[in-house]
Amino acid sequence: MITEPLVKNYLTEHYGDDSFRTLKGYEAKNGFDGLRKAVSMEPEEVVEMVKSSGLRGRGGAGFNAGLKWSFMPKGNERTKVLVVNGDESEPGSFKDRLIMERGPFQVIEGVLIGAWATGASKSFIYIRGEYAYAISVMEKAVEQARAGGFLGKNILGKKGFDHDIVVHSGAGAYICGEETGLLESLGGKKGQPRIKPPFPAQHGAFGLPTTVNNIETFSHTSFILSRGLEWFQGFGTEKSPGTTMFGVSGHVERPGLFELEMGTPLKDVIAQAGGVRGGRALKAVIPGGISMPVLPASQIDVRMAEEFLSERGSHLGTGGVMVMDDTTCMVRVAVVASYFFRDESCGQCTQCREGTGWINKICDRIEHGRGMPQDLELLSDVPKLLEGQTICAFADAAAWPVQGLMRHFRSEFEQHIEQKKCPFPDSFEI
């Protein structure tokens, strides 16, 4: 079992200490200092502080967390809800799992800070079903928090500050990581994204005003409150302050989690993971989980923050760094990625339901030596019919990997068609 990342910073400093997962151990490490600071302020001041910190959501979209909190309606006429997204189903991403397993009270404290700031009286922590151990850890932590007076009525002696948390297990569908698909699933319905507007702040969980944030996003807020804006902004870049946990997988010597500052050069992230395994040459890197466009080895001199990666035609996503050495067949990468999105499409939008299937079918026949020259044009055209044409961003996520692979490795697709076989026999098997 992984108990701590291979490189630690403020977020994961105590993850190697088993007592940190208990209420007593968490409080001994200054736990809930951020919440105490928050309740000494007016809710609007807390929202403004988190907004001014520049904390960007760590779940993939990178939206300003405090700005999102500010969308919650004012007043107490309607019950307000927070939803914590612990679905983490992006291939290549596994950081939220460790936060839940080793720092559950960081999540709870962040939720309570959000509850005070937005006036929410109920929270749901939605965790993917395969994370059985993380679910059990979070459930125990919620029980301890309730017994310790951190959940219930008049929290920290603040009259009217009432809040409770429910841990909810998902069923493992990728689309339930999309916030409105998650809200549908939470309500007992099929996990399919909603047409927006209305947005969750107006019509969210069970029709109530709702704010949805990722597990890691909430976990940073206690540090912002307890240590201040200047301290937090001392990490990372001007537009992307703080740290994040990069999950490095693939062809590296030391795969694992690394808590590093936002803006750390991609080369340094790979170096922290021991470099490419066996001293082989690097071929490509997917910088933010399988849905992000690939970068060839010639373009990895880039800092790991959205403002820099977007200039290279990719994105930070969830910070799941997938490294590929020179044995890798990039057409096989396209087959694997497109197969995943074909199977995970919820089927609601025609472009996505049909397009993901067609992309996978074309990639598969090229890989197996049955491709035709005109398939290259089809692979260029079909993703365009998905991108930006559907209810949610899933279709974009399905289109981007193939577009990136065709942009940087089109010659490999051509080789497969010309030679009527895969020219990379040492690549991974599918």
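Further up the page is the structure itself.
The following refers to the structure shown. In this text the structure is predicted, and so the values were computed from the model without any measurement.

Our focus in this paragraph is the sheet that holds strand S9 (residues 320–325). Within a beta sheet, neighbouring strands are joined by backbone hydrogen bonds and run either parallel or antiparallel to one another. Read from one edge of the open sheet, 5 strands run S6-S5-S9-S7-S8, paired in mixed fashion. What marks the edges here is a single partner per strand, and that holds for strand S6 (256–261) and strand S8 (295–296). Here strand S5 (residues 243–250) pairs with S9 via 4 bridges, running parallel. Paired with Gly247 across the strands is Gly320, a residue of S9. Contacting S5 and S6, helix H5 (residues 95–102) runs over the sheet at an angle of about 120° to S5.

Our next topic: the pairing of S5. Counting buried residues in S5 gives 7 out of 8 residues, a clear majority hidden from the surface. One ladder, built from 6 bridges, connects S5 with S6; its direction is antiparallel. What sits directly across from Met245, in S6, is Glu259. Here S5 folds back onto S6, and the loop between the two strands holds 5 residues.

Turning to the pattern of salt bridges, a few remarks are in order. Following the criterion strictly, the structure yields 28 salt bridges and no others. Between Arg36 and Glu27 there is a salt bridge, with the nearest N and O atoms lying 3.7 Å from each other. The exposure class assigned to Arg36 is partly exposed, which follows from its relative accessible area of 38%. Relative accessible area serves as the criterion here: at 33%, Glu27 is assigned to the partly exposed category. One salt bridge connects Lys68 with Glu179, and the closest N-O pair in it is separated by 3.3 Å. Here the residue Lys68 occupies a position in helix H4 (residues 65–70), and Glu179 occupies one in helix H8 (residues 179–186), the gap between them amounting to 111 residues. For Lys68, a relative accessible area of 22% translates into the label partly exposed. Counted as one network, the salt bridges with shared partners bring together Arg58, Lys95, Asp96 and Glu216.

The rules behind these values
- Residues numbered from 1 in each chain as written.
- Predicted model: local features only at pLDDT ≥ 70, side-chain atom pairs only at ≥ 80, totals over all residues.
- Heavy atoms only, no water.
- Pairing = 2+ DSSP bridges.
- Helix = DSSP H or I, 4+ residues; strand = E, 2+ residues; numbered from the N terminus.
- Contact = heavy atoms within 4.5 Å.
- Axes fitted to C-alpha atoms, helices over the stretch in contact; angles between N-to-C directions.
- Buried < 20%, exposed > 50% of the residue type's maximum accessible area, 1.4 Å probe, protein only.
- Salt bridge = Lys/Arg side-chain N within 4 Å of Asp/Glu carboxyl O.

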